[in-house]
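Spelled out from the first residue to the last, the chains are:
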Amino acid sequence: MRYVFSNLGQGLRRNLSMHLAVILTLFVSLALVGAGVLVKRQADAAAEQWGNELQITAFLCREDDPVKRCLGAVDSAQKAAITKVVKNNPEVASFYFESQETAYQKAQKLFDPKLFQGDQPVLTPADFRESIWITLKNPDQFQGITSAVLGLDGVSSVKDQRDVVQPILSGMRVMQVASLGVAVFLVVAALMLVANTIRLAAFARRKEIAIMRLVGASGLYISLPFLLEALFTAIVGVALAGGALAAGMWFGVHDRLRDYIGFIPWIGLDDFLVALVIIAIVGPVVTLLPTLLLTRKYIKV
Amino acid sequence: MIRFERVVKTYPGSTAPALDGVSVDVEKGEFVFLVGASGSGKSTALRLVLREARASSGRVYVAGKEINRLAGWKVPRLRRQIGTVFQDFRLLPSKTVAENVAFALEVIGTPRREIKRVVPGTLDLVGLSGLGDRMPEELSGGEQQRVAIARAFVNRPMILLADEPTGNLDPATSAEIMRLLEQINGTGTTVVMATHDHGIVDLMRKRVIELDSGRVVRDEASGAYGFQH
Ligand SMILES: Nc1ncnc2c1ncn2[C@@H]1O[C@H](COP(=O)(O)OP(=O)(O)O)[C@@H](O)[C@H]1O
Ligand SMILES: [Mg+2]
């Protein structure tokens, strides 16, 4: 054991530049993997908040609705008529009602909590509209349902949220694909760097390894220094990438974006933890996998 | 202790077998010379005993076990029972004499206290008392080979394999190394030594197995190197 640990320091120092190259590549690729995960979760959260990308929302009239078309709150006869039209429309795949209360609760997550507090809160459930969320069979065919519903009594407005949401969502998807795509290249680069590091290390220690094999050291014992080095570089890489992601989330999302763009539910600590877990798995796999395969090859017992 | 049954070894990519139907039996405690011209298959035979190579056909038994069939993870255990020395000593230049010997125990997990106890005794046995702190490069060839023998024997193996151990040494030093191997053999260790050093074989009058192109052409209980010389 003493031999193994004294070798860890020695091995790291001997191959310092290679290990630094591995750590840096790993750092950047894991940071990108993490960023891709976070962007994906952000896009998912936004998509969920705004309804499915394919959804159309029909808002129903509320009490004192400022929209001229409305003559007071929607009544049950109107609702039944609207339901019938939606149900029978061939463009509609499915639909569901969202109550004023649900709309109110969703809003609480988005807006300043002060708006909901106090004896006379600025916003109450009555300020929100009941709505029908319609999922289309084909995202390109929405003209029929939009015009059919818009003409009905009790409908305040119809919103095709894709007009607003789509550019933002596709922007996020592009970022997600780009970061993960670049991450894949860098992960491959990291794998090759690890392989090269091991080849050099095995070569530098070939005499020692030959004698260990000769006197009957176990395969695990011989490859342990390599595995520890791999684990060490992985831990450093994961720590650096995790730190970069945390910093990015703190200064980017927490301090800036949240202030500017308040209507999206922003990713938080649990999303960061998910990204951290993923890179904490990917990192060691990237360094340990080639190490295991190559030590078997170079150190075959 | 070591038993070959119709062993054939053909290296990949070569047509002529390095060993071609070898059957020999070495008893526990024997001292055996393996002789023959360069390329006759001596080193290959030793490599098979160590499971550095596998026989293409036939069986190799070490201590009653058929080692061709041995699972890979059991090979280290086999090698712990076999000490090996080579013509080129194979010492680690960055370690002292004592560290070189201790290394063989460290890497098989021997406790430090045990290592501290055993290493000086083994150095005494091979005639290197007081040289434990020297570096290998400060020693003569004969002394370096003694270090290698100490390393091979420190674990008290059942078998000692020596592949041309005197190949780099002058005759006087070679004779000393032979006395040391004989002494180790005297402790009950089976010794198999590959060599083409006529003088030594003739002098020692031990069992001689001669290989020629991978075949056993002679197996004499107390032989000389060869008739043709
Ligand atoms: N690793 C190897 N690969 C291919 N051929 C080998 C290898 N080792 C030895 N040989 C061949 O096997 C034959 C026997 O070699 P070896 O056992 O080293 O003989 P010796 O030790 O008696 O000189 C030779 O023809 C040699 O070229
Ligand atoms: Mg040879």
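Starting from 1, residues in each chain are numbered consecutively following that chain's sequence as written. Working convention: letters from A go to chains and numbers from 1 go to ligands, in the order in which they are written. For a predicted model such as this one, the threshold for reporting local features is a pLDDT of at least 70, and the threshold for listing and counting side-chain atom pairs is 80 or more; totals across whole chains, interfaces and linings nevertheless cover every residue. Side-chain metrics in this entry use all non-hydrogen atoms of the structure; hydrogen atoms and water are not considered.

Right, let's talk about the overall build of chain B for a bit. For the purposes of this entry, the term helix denotes a DSSP run of H or I that reaches at least four residues, the term strand denotes a run of E that reaches at least two, and both are numbered from the N terminus. Across its full length, chain B carries 7 helices and 10 strands. A compact globule built from 229 residues should have a C-alpha radius of gyration of about 17 Å, and chain B, at 17 Å, falls within 12% of that. C-alpha extents for chain B along the principal axes are approximately 45 × 40 × 35 Å. For the exposure calls, accessible area comes from a 1.4 Å probe over protein chains only, and a residue counts as buried if that area is under 20% of its type's maximum, exposed if over 50%, partly exposed in between. When each of the 229 residues of chain B is scored for burial, the buried share is 53%. Residue pairs in contact within chain B that sit at least 24 positions apart in sequence constitute 67% of those at least 6 positions apart. Under the convention used here, a 1.4 Å probe and the Shrake-Rupley method define accessible areas, while residue burial counts only the protein chains that appear. Split by element, the accessible area of chain B, about 10300 Å² in all, is 48% carbon and sulfur. Each radius of gyration is computed over the set of C-alpha atoms, and the globule rule expresses the reference value as 2.2 Å times the number of residues to the power 0.38. Residue contacts are counted whenever heavy atoms from the two residues lie within 4.5 Å of one another.

The next thing to look at is the packing of aromatic side chains. What characterises a pair of aromatic rings is the spacing of the ring centres plus the angle enclosed by the ring planes. All names here are of chain A. Aromatic contacts are taken between Phe, Tyr and Trp rings whose centres are within 6.5 Å, Trp giving its six-membered ring; a plane angle under 30 degrees counts as stacked, one over 60 as edge-to-face, and the others as tilted. Under the definition given, this model contains 5 aromatic pairs over all chains. When the centroid spacing of 6.4 Å and the interplanar angle of 5° are considered together, the rings of Y96 and W133 count as stacked. Remark: W133 occurs in strand β3 (residues 131-136) and Y96 occurs in strand β2 (residues 92-98); sequence separation between them is 37 residues. For the ring pair Y104 and F128, a centre distance of 6.1 Å and an interplane angle of 70° mean the geometry is edge-to-face. Of this pair, Y104 sits in helix α4 (residues 100-110) while F128 sits in the loop between α4 and β3, and the two are 24 residues apart along the sequence. When sorted by exposure, Y104 lands in the same class as F128, which is buried. Cluster of aromatic residues (ring-pair linked, three or more members): Y104, F116 and F128. Ring-over charges, as used throughout, are those where CZ of Arg or NZ of Lys falls within 6 Å of the ring centre and within 35 degrees of the ring normal. Sitting over the ring of W133, K106 keeps its end group 4.3 Å from the ring centre.

Bringing the nonpolar core into the picture now. With 60 residues, the main nonpolar core has M212 of chain A together with F33, V107, V119, I149, M178 and L181 of chain B as its most contacted residues. In this structure I149 of chain B touches V85, V126, I177, L180, L181 and I184 of chain B, once residues within four positions along its chain are discounted. Only buried residues count toward a nonpolar core, which is a set of Ala, Val, Leu, Ile, Met, Phe, Trp, Tyr and Cys residues joined through side-chain atoms within 4.5 Å. L46, V75, L78 and F86 of chain B belong to the second largest nonpolar core, which has 32 residues in total.

Looking now at the confidence of the model for chain A. The predictor attaches a confidence to each residue, and that confidence, scored 0 to 100, is pLDDT. With 90% of its residues at a pLDDT of 70 or more, chain A shows a mean pLDDT of 84. The secondary-structure element of chain A with the lowest mean pLDDT is helix α1 (residues 2-14) of chain A, recorded at 70, while helix α7 (residues 206-215) of chain A shows the highest, at 93.

What follows deals with helix α3 (residues 76-88) of chain A. Residues and elements named next belong to chain A. Here a helix's expected span is defined as the number of its residues, less one, multiplied by 1.5 Å. With 13 residues, α3 extends 18 Å between its outermost C-alpha atoms, agreeing within 8% with the 18 Å of an ideal straight helix rising 1.5 Å per residue. Residues I82, T83 and V86 constitute the buried set of α3. Looking straight down α3, one finds that the buried residues subtend no more than 100° of arc, so they occupy a single side. Along α3, exposed side chains directed more than 90 degrees from the buried face belong to A77, K84 and N88. Looking at the packing, one finds that the buried side of α3 touches β1 (55-60), β2, β3, α5 (143-150) and β4 (155-160). The opening residue of α3, the one whose side-chain oxygen lies 3.2 Å from the backbone nitrogen of A77, is D75. Comment: arc refers to directions from the helix axis out to C-beta atoms. What qualifies as a polar contact is a pair of N or O atoms within 3.5 Å, subject to a donor-acceptor requirement within protein and to the restriction that residues adjacent in sequence count only when both atoms come from side chains.

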